[in-house]
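Survey of secondary and tertiary structure
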Amino acid sequence: MRMQCLDTKFFTSSTSLAPIQLPSRMETHLWYVIPNEVKSEQLLNKYLEFLPKSEKERVFSMRGDELQKGALLARALVRTTIARYQTNQVSPRSLKFRKNIHGKPEVDWQQIEDWHPQQLHFNISHTESLVACGVTTHNPIGIDIEEKERKIKHSISSFAKRYFSQQEVQLLSSISDPEIQRQEFIKLWTLKEAYVKALGRGFSGSPFKTFTIRSVAASKEGIHLSESSSSENSDIVVESLEDSANHTGDWRFALLELAGSHYAAICSKNHPMKMSVWRTIPLVEDEYVSGTDSVIAVGGLM
Amino acid sequence: MASSTIAASSISFTSLTLNNKGLAKNSVSLSINGKSFPSLRLQAASRRFRVSCAAKPETVDKVCEIVRKQLAIQPDVAVTGDSKFAALGADSLDTVEIVMGLEEEFGISVEEESAQTIATVQDAADLIENLVEKKGSA
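What counts, and where the lines are drawn
- Residues numbered from 1 in each chain as written.
- Chains lettered and ligands numbered in written order.
- Predicted model: local features only at pLDDT ≥ 70, side-chain atom pairs only at ≥ 80, totals over all residues.
- Heavy atoms only, no water.
- Buried < 20%, exposed > 50% of the residue type's maximum accessible area, 1.4 Å probe, protein only.
- Helix = DSSP H or I, 4+ residues; strand = E, 2+ residues; numbered from the N terminus.
- Core = buried A, V, L, I, M, F, W, Y, C linked by side-chain atoms within 4.5 Å.
- Contact = heavy atoms within 4.5 Å.
- Pairing = 2+ DSSP bridges.
- Axes fitted to C-alpha atoms, helices over the stretch in contact; angles between N-to-C directions.
- Parallel < 35°, antiparallel > 145°, perpendicular 65-115°, else oblique.
- Nonpolar A, V, L, I, M, F, W, Y, C, P; charged D, E, K, R; others polar.
- Salt bridge = Lys/Arg side-chain N within 4 Å of Asp/Glu carboxyl O.

In this section: unusual backbone geometry. Phi is positive for A259 of chain A, close to 55°, though the residue is something other than glycine. Residue classification places A259 of chain A among the partly exposed residues on the basis of a relative accessible area of 27%. Its identity as a non-glycine residue notwithstanding, A72 of chain B has a phi of 50°, on the positive side. Mapped onto the fold, A72 of chain B is located in the loop between α1 (57–71) and α2 (92–106). Residue A72 of chain B is classed as exposed on the basis of its relative accessible area of 57%.

In C-alpha cells form, the structure reads like this:
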C-alpha cells in the first residue's frame, strides 16, 4: 500500500481526534493496537510528537526496533485514548501522568488548566504483538495480556508450586494434557497479574501466593463450584488467603481470547462486567470488535 | 549513579574532599586535587544493601547468556552488565523465568524479596555471587 493515501487519511484526522464516550459505571472499555498493522514511519513519528521528553527517552532506551515500537505504541495508545474521552478538545501531548503511592500510573489532572477531573481509570499491558489499554470510570482496573502460544521454559508444576496458591497448584496438576496445562497456566497468570495491577500495589505488594483465583458457576441461587474451568456461564472470583477482611468479593474478572492470538484478563469492580472492545490505529481508525471472532469470552462475562 | 565518570588513571587522589555546604540534600560536591567536579547526587539506598565489589566477569557473562536465551534477544543487540531487564523487553513472567534459570545454573535459591530488586544484569550477577558465597561459607 503506497504511503500517499495513508498520509491523506491521517493528516485530516490528526488535527482532531474523534471523541469517544466515557464508559458508564458498569462498563469496561478495552482498546488494542496490533503493531504489525502500524507500518507508516510518518504515523509513528506523529505518535512520537505526543510524548514528552522523558517518555521519548524511555522509548529509545528499549533495546531493539520492535521493542521501541511497542513502547511507543503503548504511550500513544494511552495518550490518544484518554484525550478522546475528554469533553473539551485536549491534545494527547498535554496529558500528565504520575504514579500513585504504590507506583501505579495514573493521570495527573491537576496539571492541566480548565480540566474537570474525571473518575477515569486506565491500565496498559503489551506483548511484542499486541498493545492494550483498559478504561473504566469510578473503579480501578487492571489488565494483562499474554500470547496464547507463549512457551514456558520451566516445568509448569515447579512454577506453580513456587508462585501459586495451593488450590491453584492442585487445579493445574490435575490437568494431564501438557498443552492444556500450559494454556491454563497462562490464563491463570494473566488473571493474577490483572488483579495485582488493579490493586496497584505491584508484584511484591500482592504476592501471587496470597490469593486464589478460580472459576465458579454463576447461578441465580448462589455460587457453587463448576466442573469445567472455562465455561462461559462462569464467574471468575478471587479469594484472599491472608486477610479475610480484604473485600475480595468486590473484584470481578473477564478472560478473553483477543485477536485470535492473546489471552486477555481484565479485573475491575464492575459487576456485571459489560465489555466493549475496539481494535484501533490511533489517528487512523477504530473498529468495534465485540461480538466478532476477535473477542471470544473464556469466562467471567455476561 | 554519578553523572560524570572519573578515569582513575589520569587523576591521582592525593586530596579528596567532600563538601555538602549549601547543596541539596543527598548531594555532595567533589573536589579532587583542588579541581572541583559537578555535584554528585547520592542515590538513596533502596531497601537492599549493596555489596561494594562487583561480580566476576564470568558470572556477568553467564547471566547475559541466560537472559539472551529467555528473552530471545537478537544477535545484534548488546547485553552487558548495565542492561536493564525492562529495556530488554522482560515482563514479569520473563523475570521469574530468568530467576529460576539463574537458580538452576548456579545452584542457589533466590528469595522473592531479593528477586524484586534485580533491575539489571549486574544486579543479578552481584546477587548470585552473594548467595554462592553464603552457600559456600555455610
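Following the structure, the description resumes.
Judged by nonpolar contacts, the single largest core of 36 residues is most densely connected at V38, Y47, I82 and F122 of chain A. For this core, the secondary-structure elements that each account for two or more residues are β1 (27–33), α2 (41–49), α4 (65–84), β4 (120–126), β5 (131–137) and β12 (274–281) of chain A. At nine residues, α4 of chain A tops the list of elements feeding residues into this core. Excluding its chain neighbours within four sequence positions, the residues that come into contact with V38 of chain A are V33, L43, L44, Y47, K69, L73 and I281 of chain A. Among the nonpolar cores identified, the runner-up in size contains 33 residues, and V169, F185 and Y263 of chain A together with L93 of chain B belong to it.

With that settled, consider the sheet that holds strand β11 (residues 262–268) of chain A. Residue and element names in this part refer to chain A. Spatially, the four strands line up as an open sheet ordered β6-β11-β10-β14, and their pairing is antiparallel. Looking at the sheet topology across the chains shown, the edges are occupied by β6 (141–147) and β14 (295–299). Looking at each pair of strands side by side, their axes are set apart by 25° on average, direction ignored. Here strand β10 (residues 252–258) runs beside β14; their pairing, made up of four bridges, is antiparallel. Residue pairing for β14: L258 is matched across the bridge by V295. Packed on one face of the sheet, helix α7 (residues 178–199) meets β6, β10, β11 and β14 and runs near 155° to β6.

Between α7 of chain A and α2 of chain B, the least distance of the axes is 11 Å, while the angle of their chain directions is 115°. By the angle class used here, α7 of chain A and α2 of chain B are roughly perpendicular. Contacts from F185, W189 and E193 of chain A in α7 of chain A reach S92, L93 and V96 of chain B in α2 of chain B. Here the residues of the contact of α7 of chain A with α2 of chain B sort into four nonpolar, one polar and one charged.

A few words now on the sheet that holds β5 of chain A. The strands making up a sheet are joined through hydrogen bonds of the backbone, oriented either antiparallel or parallel. All names here are of chain A. The five strands lie next to each other as β4-β5-β1-β12-β13, forming an open sheet whose pairing is mixed. At either margin of the open sheet sits one strand with a lone partner, and together these are β4 and β13 (285–288). The mean inter-strand angle of the sheet, taken between neighbouring strand axes irrespective of direction, is 25°. Along the sheet, α4 makes contact with β1, β4, β5, β12 and β13, crossing β4 at roughly 160°.

Residue and element names in this part refer to chain A. Across all of its chains, the model carries 25 salt bridges over all chains by this definition. We note a salt bridge from K274 to E27, for which the minimum N-O separation is 3.6 Å. A residue pair is termed long-range when its members are at least 10 positions apart, and K274 in strand β12 and E27 in strand β1 qualify at 247 residues. The class for K274 is partly exposed, based on a relative accessible area of 43%. A salt bridge links K53 to E57, with the shortest nitrogen-to-oxygen separation between them at 3.5 Å.

Structural measurements only, silent on function.
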